[in-house]
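# Structure at a glance
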Amino acid sequence: MLNTAKVFAVALAATVLAAMYAAAQEDATKPAGYGHRLEQVRDRGKILCADNTELVAWSWIDEDGKNRGFGPDYCRAYAAAVFGDATDDNWEIVNITFAERPTVMQSGEIDVMTIANTWTAHREVHWGNFVDIVHYAGLGVISSKDSGIVPNDWQTLDGTTGCTGAGTNYVQMAADMESEYGITFELALYEIGGVRDAYDAGRCDFVLTGSDGTGSFVRQLTRSTPDDHNIWTSVFGKDPWAMLVPHGDDQWFDLIRMVGWILVNAEELGVTQDNVEDMFANSPSVKVQRLLGAEGTWGQDRLQIADDVAVNIIKEVGNFGEIIHRYYSAEAEEKGWGFYRERGPDNLYLRGGLMYVPENT
C-alpha cells in the first residue's frame, strides 16, 4: 500500500523543481542589471540624452530655446516609448562636446547618447552598446582651388594643412589615410563650427568631414563662394552613425533598439505621423496591426512598455523618412532647419538603400 504522505511529498518536490527550472530558464535571459535603467529613468521622470547642440540638422537650439534636430527627435521617440508621450518635462538633451563622449558614456550618468557617433570596434568595447545605424557615410574631402590640391588625388594632400573636428573619429581616419597613401599632412583640430570658420579664413588647405555634408559645408561658407572649392567625389573609409547606450542592461538596449526598428518599419509600411491613428484602427495589414499593437505582440510586455508603443512614438516624431525629411531636405535647408542631402544609402532597401531592419513580429 502506497504511503499517501510520501507520494504527496514526492509530487510537491517535483512541482517545486519544475518551477525552479522554469524560473532559471526565464532568468537565463535576465542577467544582472536587467531592467535597472528603465526603472531609474521612470523614477527620475525623464530620459537623459547626451548630444551636441551646435549642429544644425542633427542637434541645435532654435530661436525659442528648444532643442531641435535628428538627435533630439530620437530622444523624443525614446521618451514616448518609456512614458507614452514626449513632453517638455520627460526628456532632456545634455549638451556635451565630442571629446567628452567616452567620459560621459563610462560615467553611466546618461541614458542614451544621441550625438553623431561613428560606430567602431573600439567604441563598442570601451564606450557602450551601439544599437542600429541611422546614417551611412564616409570621410569626405573639400579642398581649396588655390591650394593646388588635385580633387580625388590623395597624393596631392602631402605637405598640406587640413582641418577637422576635435574628438571625432575623423582624426583616426586621417591618420589611416596618411598611412594608406604614404603621405603626411598637418591636421588642425577645432570644435564643431570652428572647422568651417578656420577653413573659410584660409587657415587650412582642405577639410575632412562627413561625406554627406560636403555640399552644405561649402554652401555655408561666407568669405568665399562654392566655385572657389572642390568637393571630392572620392570617399575614404566607413563612417556609420548609431545611437549608443551604456553597457550592462539588456532590457534597455533592446528597448532603445526597438524604437529604431519601429521608425524604419513604419516608413516601409507607410505609417506616418498623420495616418498612424487611422492605420491602428482600420489597416487591413497584419504587419501594420502587429507593429502598432492592435493585434498580437512582439515583446512589449517583456520590455515593460505599452502594446501601442509604436503609435505613441510615431505620433510624436513620424517615421524614419519623415525625420530625415524634416532636417535633411531642400525645405529644411530653406528654412534653416538643416541641409539637403541625397538619402542614398540611408534610404530603405526597397529603394536601393541600406536601411533594413528586422520586423516587429
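Just so it is clear, the structure is predicted and the values come from calculations on it, not from any experiment. (Residues numbered from 1 in each chain as written. Predicted model: local features only at pLDDT ≥ 70, side-chain atom pairs only at ≥ 80, totals over all residues. Heavy atoms only, no water.)

For the structure shown, the criterion picks out 18 aromatic pairs. Residues Tyr74 and Tyr78 carry aromatic rings whose centres are separated by 6.1 Å and whose planes lie at 70° to one another, so their mutual orientation is edge-to-face. With Tyr74 and Tyr78 both in helix H3 (residues 70–83), this residue pair falls four residues apart, about one helical turn. Judged by its relative accessible area of 0%, Tyr74 falls in the buried class. Their ring planes at 55° and their centres at 6.1 Å tell us that Tyr199 and Phe217 sit as a pair that is tilted. Placement of the pair is Tyr199 in helix H7 (residues 194–200) and Phe217 in helix H8 (residues 214–219), with a sequence separation of 18 residues. Phe217 sits in the buried class, given a relative accessible area of 6%. Taken together, the ring pairs in this structure connect Trp58, Phe70, Tyr74, Tyr78, Trp241, Phe320, Tyr328 and Phe339 into an aromatic cluster. (Phe/Tyr/Trp six-rings, centres within 6.5 Å; stacked < 30°, edge-to-face > 60°. Helix = DSSP H or I, 4+ residues; strand = E, 2+ residues; numbered from the N terminus. Buried < 20%, exposed > 50% of the residue type's maximum accessible area, 1.4 Å probe, protein only.)

Moving on to the pairing of strand E9 (residues 161–165). Along any regular strand, the residues point their side chains to alternate faces of the sheet. Counting buried positions along E9 gives five out of five residues, so the element sits mostly inside the fold. One ladder, built from five bridges, connects E9 with strand E10 (residues 186–190); its direction is parallel. Among the inter-strand pairings, Gly162 is bridged to a residue of E10, identified as Leu187. Taken together, E9, helix H6 (residues 170–181) and E10 constitute a β-α-β crossover, and its handedness is right-handed. Two elements, E9 and strand E11 (residues 206–210), share two bridges in a ladder whose sense is parallel. Along E11, the bridge assignment pairs Gly162 with Phe206. (Pairing = 2+ DSSP bridges. Right-handed = clockwise from strand over helix to strand, strands pointing away.)

Let us now look at unusual backbone geometry. Excluding glycine, most residues fall at negative phi; most peptide bonds, likewise, are trans. In this structure, Ala57 is a non-glycine residue whose phi angle is positive, near 95°. Notably, Asn152 is not glycine yet its phi reads approximately 70°, a positive angle. Position of Asn152 among the secondary structure elements: in the loop between strand E8 (139–144) and E9.

Next up on the list: a nonpolar patch on the surface. A cluster of nonpolar side chains, Tyr349, Leu350 and Tyr356, forms an exposed patch at the surface whose accessible area comes to about 350 Å². By secondary structure assignment, the location of Tyr356 is in the segment after helix H15 (330–334). (Patch = residues over 30% accessible without salt bridge, like charges linked within 9 Å, V, L, I, M, F, W, Y side chains within 5 Å. Areas by Shrake-Rupley, 256 points an atom, 1.4 Å probe, with all protein chains shown as cover. Salt bridge = Lys/Arg side-chain N within 4 Å of Asp/Glu carboxyl O.)

Since one α-helical turn is 3.6 residues long, residues separated by three or four positions face the same way. Buried residues dominate helix H14 (residues 320–327), accounting for six of its eight residues. Those residues of H14 not exposed but buried are Phe320, Gly321, Ile323, Ile324, Arg326 and Tyr327. The elements touched by buried residues of H14 are strand E3 (59–61), H3, strand E7 (129–135), helix H9 (250–269), helix H13 (309–317) and H15. The residue sitting at the N-terminus of H14 and contributing the capping side-chain oxygen is Asn319; that oxygen lies 3.0 Å from the backbone nitrogen of Gly321. (Contact = heavy atoms within 4.5 Å. Polar contact = N/O pair within 3.5 Å; in protein donor to acceptor, adjacent residues only side chain to side chain.)

Attention now goes to the layout of surface pockets. Considering only enclosed or pocket space, the largest pocket measures out at about 710 Å³ in volume. Counting residues per element, the lining of the largest pocket draws most heavily on E11, which supplies four residues. Its residues placed into classes, the lining of the largest pocket shows 15 nonpolar, 13 polar and eight charged. When residues of the lining of the largest pocket are assigned to domains, at least three map to each of domain 2 (37–115 + 249–351) and domain 3 (137–238). Taken as a whole, the second largest pocket holds about 310 Å³ of empty space. In this structure, the second largest pocket is lined by 20 residues; those nearest its centre are Lys66, Asn67, Arg76, Asp88 and Trp91. (1 Å grid on protein atoms, 1.4 Å probe; cavity = no way out; pocket = protein on both sides within 12 Å on 5 of 7 lines; lining within 4 Å. Points joined across faces, edges and corners; volume = space filled by probe spheres on them. Nonpolar A, V, L, I, M, F, W, Y, C, P; charged D, E, K, R; others polar. Domains from an automatic or database assignment.)

Spatial strand order, E2-E3-E4: three strands in an open sheet with antiparallel pairing. Looking along the sheet, the strands with just one partner apiece sit at the ends: strand E2 (54–55) and strand E4 (67–68). Pairing of E2 with E3 involves two bridges; the strand directions are antiparallel. Note that in E3 the partner of Leu55 across the bridge is Ser59.

A few words now on the confidence of the model for the protein chain. Residue-level pLDDT values for the protein chain average 91, and 92% of them are 70 or greater. A low-confidence stretch, residues 7–26 (pLDDT under 50), is modelled with two contacts involving residues beyond four sequence positions or located in other chains. (pLDDT = per-residue confidence, 0-100.)

Following both chains from N to C, one finds H3 and H13 inclined at 150°, their axes separated by 8 Å at the closest point. The way H3 lies across H13 gives a crossing that is right-handed. Side by side, H3 and H13 meet where Asp73, Arg76, Ala77, Ala80 and Ala81 of the first sit next to Val309, Asn312, Ile313, Glu316 and Val317 of the second. (Axes fitted to C-alpha atoms, helices over the stretch in contact; angles between N-to-C directions. Left-handed = near helix turned anticlockwise from the far one by under 90°.)

This brings us to the environment of Leu263. Secondary-structure assignment places Leu263 in helix H9. Assessed through its relative accessible area of 0%, Leu263 is described here as buried. For the pair Leu263 and Lys66, spaced 197 residues apart in sequence, the C-alpha to C-alpha distance is 23 Å. Ignoring anything within four residues of it in the chain, the contact list for Leu263 reads Tyr74, Ile313, Val317, Gly318, Asn319, Phe320 and Ile323.

Note that Asn117 resides in the loop between strand E6 (112–113) and helix H5 (121–126). Here Asn117 falls in the buried class, since its relative accessible area comes to 0%. A polar contact is formed between the side chain of Asn117 and the side chain of Arg101, at a distance of 3.3 Å. Sequence-distant contacts of Asn117, that is, excluding residues within four places in its chain, are made with Arg101, Arg123, Trp127, Phe130, Pro240, Trp241, Ala242 and Leu244.

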